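# Coordinate analysis (summary)
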Amino acid sequence: PIGTLRAVTSQLIALLTNIGLALLKFIVGAMSGSRALIADAFNSAGDVIATFVAWLAFRYGLKPPDEDHHYGHQNAEALAGLLLGGMLCATGLFICIDGLLGVVDKKTLEAPDQIAIWAAAITAVVKFVLYHASMRVGRRTNSPTLLASARDHRADVVSGLVALVGIVVARQGYPEFDAIAGI
């Protein structure tokens, strides 16, 4: 069906986009010295795993009822949603601890290079587009997994904007804001 194709295509696009964004932020974060961007890269790496799990659950949920599953396999999406929530919490905890360590260790605080601003801005814009596209397809296909992914994209817009603000403020002479934005 066309709805299924849209959902699978949407998840594949999100997966490839998250891979690209994670690589961009890891590379630029390391080159520019931005803790906020590296923290956001870890968030994107978590999104890669989460999107892959969501894609697998959606595909499994499409299987018709069988002898062991008289009502079908749609609950796979709900279970994937629980798994994704746990993964997001674990990623958030790791990012928070890394950011706090960066704030405490003031000797290593330096303002990131200008390129970090562009990477954070690109991230926010791309995630904004992914949010709207995923939400639209999720509503059309009535997919809880796609709707959860859309909400994660929306949260990523906010984290990208926080990273952007932290990097800009750090470049204005307050390098600790880059580490704070990584929290």
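Residues numbered from 1 in each chain as written. Predicted model: local features only at pLDDT ≥ 70, side-chain atom pairs only at ≥ 80, totals over all residues. Heavy atoms only, no water.

The next point concerns empty space enclosed by the protein. Enumeration according to the criterion identifies 1 cavity of 30 Å³ or more in this entry. Computed from the structure, the largest cavity encloses a volume of approximately 30 Å³. In terms of lining, the largest cavity is formed by Ser10, Gln11, Ala14, Thr51, Ser134, Leu146, Ser149 and His153. For the lining of the largest cavity, the elements supplying multiple residues, two or more each, are helix 1 (2-32) and helix 5 (144-171). Of the residues that constitute the lining of the largest cavity, the class distribution is 2 nonpolar, 6 polar and no charged. (1 Å grid on protein atoms, 1.4 Å probe; cavity = no way out; pocket = protein on both sides within 12 Å on 5 of 7 lines; lining within 4 Å. Points joined across faces, edges and corners; volume = space filled by probe spheres on them. Helix = DSSP H or I, 4+ residues; strand = E, 2+ residues; numbered from the N terminus. Nonpolar A, V, L, I, M, F, W, Y, C, P; charged D, E, K, R; others polar.)

On to the layout of surface pockets, then. Computed from the structure, the largest pocket encloses a volume of approximately 270 Å³. As for the largest pocket, its lining consists of 17 residues, and the residues nearest its centre are Asp40, Asn43, Ile95, Ser159 and Ile183. Of all the elements in the fold, those that place two or more residues in the lining of the largest pocket are helix 2 (35-61), helix 3 (75-104) and helix 5. Ranked by residues supplied to the lining of the largest pocket, first place goes to helix 5 with 6 residues.

This brings us to the environment of Asp40. Secondary-structure assignment places Asp40 in helix 2. The class of Asp40 is buried, set by a relative accessible area of 5%. Along the primary structure Asp40 and Arg151 are separated by 111 residues, whereas in three dimensions their C-alpha atoms are 16 Å apart. Apart from the residues lying within four places of it in its own chain, the contact partners of Asp40 are Lys25, Thr123, Ser159 and Gly160. Within the local environment of Asp40, its side chain forms a polar contact with the side chain of Ser159, the two groups lying 3.3 Å apart. (Buried < 20%, exposed > 50% of the residue type's maximum accessible area, 1.4 Å probe, protein only. Contact = heavy atoms within 4.5 Å. Polar contact = N/O pair within 3.5 Å; in protein donor to acceptor, adjacent residues only side chain to side chain.)

Quick look at the confidence of the model for the protein chain now. On average, the protein chain scores 87 in pLDDT, and the residues at 70 or more come to 97%. Across the protein chain, helix 4 (residues 115-141) holds the top mean pLDDT of 96, while helix 3 sits lowest at 78. (pLDDT = per-residue confidence, 0-100.)

Our next topic: the packing of helix 2 against helix 3. At a minimum axis separation of 9 Å, helix 2 and helix 3 run at an interaxial angle of 170°. Classed by the angle they form, the pair helix 2 and helix 3 counts as roughly antiparallel. (Axes fitted to C-alpha atoms, helices over the stretch in contact; angles between N-to-C directions. Parallel < 35°, antiparallel > 145°, perpendicular 65-115°, else oblique.)

Considering the arrangement of structural elements, one finds Asp156 in helix 5. Relative accessible area serves as the criterion here: at 4%, Asp156 is assigned to the buried category. Side-chain polar atoms of Asp156 contact the side chain of Asn43, separated by 2.8 Å. Once residues lying within four places of it in the same chain are set aside, the contact partners of Asp156 are Asn43, Asp47 and Lys127.

Attention shifts here to the packing of aromatic side chains. Each aromatic ring pair is summarised here by two numbers: the centre-to-centre distance and the angle between the ring planes. Within this structure, the stated rule accounts for 2 aromatic pairs. Centre to centre, the rings of Phe26 and Phe42 are 5.0 Å apart; their planes meet at 85°, and the pair counts as edge-to-face. Note that Phe26 is positioned in helix 1 and Phe42 in helix 2, a separation of 16 residues in sequence. Judged by its relative accessible area of 30%, Phe26 is partly exposed. (Phe/Tyr/Trp six-rings, centres within 6.5 Å; stacked < 30°, edge-to-face > 60°.)

A separate point is helix 5. In this model, helix 5 (28 residues) spans 41 Å end to end at C-alpha, consistent with the 40 Å of a helix rising 1.5 Å per residue. Regarding helix 5, its N-cap is Ser143, as a side-chain oxygen of that residue lies 3.1 Å from the backbone nitrogen of Leu146 further along. Gly173 sits one or two positions beyond helix 5 and adopts a positive phi of about 110°. (Expected span 1.5 Å × (residues − 1).)

Looking now at a nonpolar patch on the surface. Together, Leu12, Leu16, Ile19, Leu23, Phe26, Ile27, Met31, Phe42, Phe94 and Ile115 line one region of the surface with nonpolar side chains, adding up to about 920 Å² of accessible area. Of the residues forming the nonpolar patch, the biggest block, 7 residues, is contributed by helix 1. Checked against the element boundaries, Leu16 lands in helix 1. (Patch = residues over 30% accessible without salt bridge, like charges linked within 9 Å, V, L, I, M, F, W, Y side chains within 5 Å. Areas by Shrake-Rupley, 256 points an atom, 1.4 Å probe, with all protein chains shown as cover. Salt bridge = Lys/Arg side-chain N within 4 Å of Asp/Glu carboxyl O.)

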